[in-house]
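# Report on the structure
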Amino acid sequence: MLWAIRRIGVALLLVWIVASVVFVVIHLVPGDPAELLLSAGGIAPDPVAVEELRERLGLNRPLLEQYLAFLSGVVRGDLGQSIVDDASVAEEILLRLPRTLELILAGTLLSILVGIPAGTWAALHRGGAFDRAASWLAALLQAVPVFVLGTLLVLTFAVLLRWMPAGGYVPLAQDPGRHLLLLTLPALAIAKGLIAVVFRMTRAATLDSLSRDYVRTARAKGLSPARVLLRHVLRNALIPIVTVLALQMGTLLGGTVLVEYVFNWPGLSSPLLRAVEARDYPMVVGIVLTISVLFVALNLAMDLVYAALDPRIRRA
Amino acid sequence: MLTSRRALLAAGAALPFLRAEHASAQRQPGVLRFGLSSFPPSIQPWVSTGTAAGTVKLLIHRGLTSYDATGKLQGEIAESWSNEGPNAWVFRLRDNVVFHNGERLTSEDVKWTIEQIAGERSTAYYRGEMQGVERVETPDPRTVRFVMKAPSAVLPDWLASYHLPICWRGSPANAPVGCGPFVLRGQERGVSLDLVAFDRYYRPGLPKLRGIRMVAYADENLRVAALQAGDVDLIEYVPWQSMATIEADPKLRLDSTDGPFMYLTFNGTRGPLVDARVRRAISLAVKRDEIVKAAFFGRGSPLTGLPVPPGSDFFDASLAQGTGYDPDRARALLLEAGVPGGFQTSLLSTAQYGMHKDTAEIVQQNLAAIGIQCEMRLPDWATRVNLGNRSQFDIAVMGTATDSNDPDGIARLVDGSLPPSFIRSAGIRVPRLEQLFAQGRSEFDPARRRAIYVEAQKVGLEEAPIVGLAWRSQGYAMQRDVTGFKALPGALNFFSGITLEQTAFG
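Residues numbered from 1 in each chain as written. Chains lettered and ligands numbered in written order. Predicted model: local features only at pLDDT ≥ 70, side-chain atom pairs only at ≥ 80, totals over all residues. Heavy atoms only, no water.

With that out of the way, let us pick up the packing of aromatic side chains. All names here are of chain B. Summed over the entire model, instances satisfying the criterion amount to 22 aromatic pairs over all chains. Between Trp-81 and Phe-91, the aromatic rings sit 6.4 Å apart at their centres with planes inclined by 25 degrees, giving stacked as the arrangement. Of the two residues, Trp-81 is situated in strand β4 (residues 78-84) and Phe-91 in strand β5 (residues 88-93); the sequence distance between them amounts to ten residues. In this structure Trp-81 comes out as partly exposed when scored by relative accessible area, which is 26%. In this arrangement the basic side chain of Arg-412 is found over the ring face of Tyr-126, its NZ or CZ atom lying 6.0 Å from the centre. (Phe/Tyr/Trp six-rings, centres within 6.5 Å; stacked < 30°, edge-to-face > 60°. Helix = DSSP H or I, 4+ residues; strand = E, 2+ residues; numbered from the N terminus. Buried < 20%, exposed > 50% of the residue type's maximum accessible area, 1.4 Å probe, protein only. Lys NZ or Arg CZ within 6 Å of the ring centre and 35° of its normal.)

Attention now moves to the interface of chain A and chain B. With 56 residues of chain A at the interface, the matching set in chain B holds 56 residues. Contact with chain B buries area across many residues of chain A, yet Ala44(A), Arg162(A) and Arg274(A) alone supply 12% of it, more than any other trio. On the surface where chain A and chain B come into contact, there are six salt bridges. We note a salt bridge from Glu52(A) to Arg121(B), for which the minimum N-O separation is 2.9 Å. Counting the contacts that link chain A with chain B gives 17 residue pairs in polar contact (both at pLDDT 80 or more). (Contact = heavy atoms within 4.5 Å. Buried area = accessible area lost by both parts, 1.4 Å probe. Salt bridge = Lys/Arg side-chain N within 4 Å of Asp/Glu carboxyl O. Polar contact = N/O pair within 3.5 Å; in protein donor to acceptor, adjacent residues only side chain to side chain.)

There is a patch of nonpolar side chains on the surface, built from Phe147(A), Val148(A), Leu152(A), Leu155(A), Leu160(A), Leu161(A) and Leu258(A) and spanning about 610 Å² of accessible area. Counting residues per element, the nonpolar patch draws most heavily on helix α7 (residues 146-160) of chain A, which supplies five residues. (Patch = residues over 30% accessible without salt bridge, like charges linked within 9 Å, V, L, I, M, F, W, Y side chains within 5 Å. Areas by Shrake-Rupley, 256 points an atom, 1.4 Å probe, with all protein chains shown as cover.)

Side chains on a regular strand alternate between the two faces of the sheet. All names here are of chain B. Within strand β17 (residues 466-479), 14 of the 14 residues are buried, leaving the element largely enclosed by the surrounding structure. Summarising the sheet, strand β11 (residues 234-235) and β17 pair through two bridges and their orientation is antiparallel. Along β17, the bridge assignment pairs Leu-234 with Met-478. Two elements, strand β12 (residues 252-266) and β17, share twelve bridges in a ladder whose sense is antiparallel. Note that in β17 the partner of Thr-265 across the bridge is Ile-466. Alignment of strand β13 (residues 300-302) against β17, held across three bridges, turns out to be antiparallel. Its bridge partner being in β17, Pro-302 is matched across the sheet by Ala-470. (Pairing = 2+ DSSP bridges.)

Further remarks concern the side chain of Thr51(B). Relative to the helices and strands, Thr51(B) resides in helix α2 (residues 51-60). Ignoring sequence-local partners within four residues, the contact set of Thr51(B) consists of Tyr162(B), Tyr237(B) and Phe494(B).

Within a sheet, adjacent strands bond to each other through the backbone by hydrogen bonds, running parallel or antiparallel. Residue and element names in this part refer to chain B. With respect to topology, four strands assemble into an open sheet ordered β4-β5-β7-β6, the strand pairing being antiparallel. Pairing within the sheet leaves two strands with one partner each, and these edge strands are β4 and β6 (133-140). On average, adjacent strands in this sheet sit at an angle of 20 degrees to one another, irrespective of strand direction. Pairing between β5 and strand β7 (residues 143-148): five bridges, direction antiparallel. Counterpart to Ala-88 in the pairing with β7 is Val-147. On top of the sheet, helix α3 (residues 107-118) reaches β5, β6 and β7; it is set at about 165 degrees to β6, its chief contact. (Axes fitted to C-alpha atoms, helices over the stretch in contact; angles between N-to-C directions.)

This is the structure in structure tokens:
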């Protein structure tokens, strides 16, 4: 119990450090939001107007004062307003985070559906044509940058074949069919690396399990090959795969930036990108804080689950 | 494995049905789908927040004057205007202008609007100009009289800007009420805007569309793909590399004009760049054709001197002669200026926009050929703007468009008496040029104005406060059946949204 409390404390500390570092870094980077906002389109704003806006946005206050105001806001659950258009940062995140998570979930699901069966098949027929072709494809998938694959998918399915729209988003409630259709290509693009990882992990873990004594014993007992595979080989092979999946889902959060951009998927990335470009401080800090909380929470959950499973970790 | 195979097959079999659904989810009758290059940061009427916002403002709002599809100044809310002596302009308003809330427009709304823009706490783009208005008189509901502090020949041009629409005098601060052809019905921040036709718009029979759905496609390639796939009907900011493909596509149409331009700014507070001869040498060393070819895929034309477009009444073709690529003369000028063999300096641009970076790379190569070695600085745009505004650069690549096709708009770029800005050189004052622009602004006779601006262009070439590089083509692309939309010429290209009231299908 004490261990868990300490672990949660460390997680909170991590979140605070990340929030503070992001706050300080984004304020130290050159660029002034008021100036940028008023000079969009390559024009020179009236310096008096810029000064007026800076005053109105509270950018003239000392950095420490701004930081303390930000921290007290966070504690109260208030992430502030966008500098650019007064939109509530929390509302923006609540609207867009589920879309990013949906994309990640769809990508993960896709990689499980493709990666695990393909990896198992390749391990069972090690050195065969499928194994070699799939291993080669996995290497290719990992090597192709996500924006190249994304652009190729758009070119093939939207422009040449016209099977799908070139990107965009429709809420699930409004039109479920179109929603899923629009989800397909970005989910594929985001899954491409993970498919390769899951495939490799499954193949290696299955091979490892196959050579174990308990598998030999199971076979010697006269169990059917399917039963051996499902109950004894795959089940044991799944442990490292699940670990890798949980870790990779975190990194996918970062990977969505490009995919969302290429497919115009209105998740959390585009406001983050726009906010950085416009030096929209509250929006940048709010979104990065959310992502890091997710990351830390994911790791915390994994640690707690491991600890529950394996007492050695608790005592360590 | 088997189940997953089955799932895959099922998914594959479902594709044709999904496709049918996609086809049915296409165009709604009378609603144009417009692919924006970016989502407008805000659509406050008087604040400048970029060209995408400008297009949206041209749908919701109208000003006293505007430009027609050929770029000619025309009456909008004002049906006529004239000047009374050098300091006063009188505008006669239409009697059928109604705001989106049903209120009838009167001269009081005009007065209120100008007061808001010129106000103490205003962040409006034309704040400075409108502070040059001594008072706005409203002799009757349909007459407005602007009394200027100093004579201004260009007031009707300013009033045509999409930064100067007239709003209802009772508008709340955060929700100004306009009188344009479309009403904003809804928006999702960062994604899309939905507009519907305003049924009491003052031009009979307009707008022709029932509505416009604007969707932001920040990725230029996706924007083009969305047009090619039929997801949208019209896109702005066509990337130069895609222009040839669009022209070759029988289903699509490209409408582009040379309008915005690229140029160099200098830091004249220190070093060899203080000397106009050095800046002229730089101008002579740049191969402008290469910039047009490499940065704009041939979609543009060379620009030497001040950005007065060929075809403008103020353009004088003879001026540009002998100002092209001439490295020998450039070297001679360096010798004359006391820096024979060149010098070390830095070149500021941005990696965020391909055209800025490509232009800078060619300038760097060309300058190296006459001995000027530039260390390249390519930060993101926000940093680049910041460095420019603080005069922390030596040479910088810049791209913009002037506010209108009137040469008065060039003053913002070369008037060294204005506060430091990333769009201007730092610390370079050319009193003669400042004087000429001031003269041009207060001169009402067209022939005399022309002479003033031709002289200004001559001085601009000699003193080189900025060095013009290239005009760049600015394009809109649309489905063939989109009619009535027209790209406005020159600097007015970003005003093309005004023709959306005439746009229709078929």
